Amino acid sequence: PAQLDPRLSDLRAGGAGYGAIPAPVFAAVRATPNAELSAIVYDRGGTMRLTVIADSAATIAAFEQRIEAGGFEAEQGPMRFGGGRPTTDITVRAR
């Protein structure tokens, strides 16, 4: 067990660590009707990149605000439209 601590610390890398980020992300999914995640990528730098699909740009904005209300920074990328639905990437990181 003592040998695992340094390895786990290395895997956590910077930022809040993986364990802290999913809770506000999934809370935002549950609380935002018509928003869904199509991709989630966590990187060693301590950020999580989400691809969000929704029924409107306002829904995506509400989703982003809920993550920020959970204590994290959420940075939205450019909006694109596929199949008539807005899609964007949101980068989530510790403040």
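Student: Residue-level account of the nonpolar core, with values.
Tutor: In terms of nonpolar packing, the biggest core is built from 15 residues, with Val25, Leu50, Phe63, Ile67, Ile90 and Val92 touching the most fellow members. For this core, the secondary-structure elements that each account for two or more residues are helix H2 (22-31), strand E2 (48-54), helix H3 (57-69), strand E3 (72-76) and strand E5 (85-94). When residues in this core are grouped by element, the largest group, four residues, is from E2. Val92 has contacts with Ile21, Val25, Gly46, Thr47, Met48, Leu50, Ile67, Phe72 and Glu73, leaving out every residue within four places of it along the chain.

Student: Could you give an account of the pairing of E5, with specific residues and numbers?
Tutor: Across six bridges, E2 lies against E5 in antiparallel orientation. Paired with Thr51 across the bridge in E5 is Asp89. Between strand E4 (residues 80-82) and E5, which follow one another and run antiparallel, lie two residues, and Gly83 among them has a positive phi close to 65°.

Rules behind the numbers
Residues numbered from 1 in each chain as written. Predicted model: local features only at pLDDT ≥ 70, side-chain atom pairs only at ≥ 80, totals over all residues. Heavy atoms only, no water. Core = buried A, V, L, I, M, F, W, Y, C linked by side-chain atoms within 4.5 Å. Buried < 20%, exposed > 50% of the residue type's maximum accessible area, 1.4 Å probe, protein only. Helix = DSSP H or I, 4+ residues; strand = E, 2+ residues; numbered from the N terminus. Contact = heavy atoms within 4.5 Å. Pairing = 2+ DSSP bridges.

Function-wise, these values are silent; they only describe arrangement.
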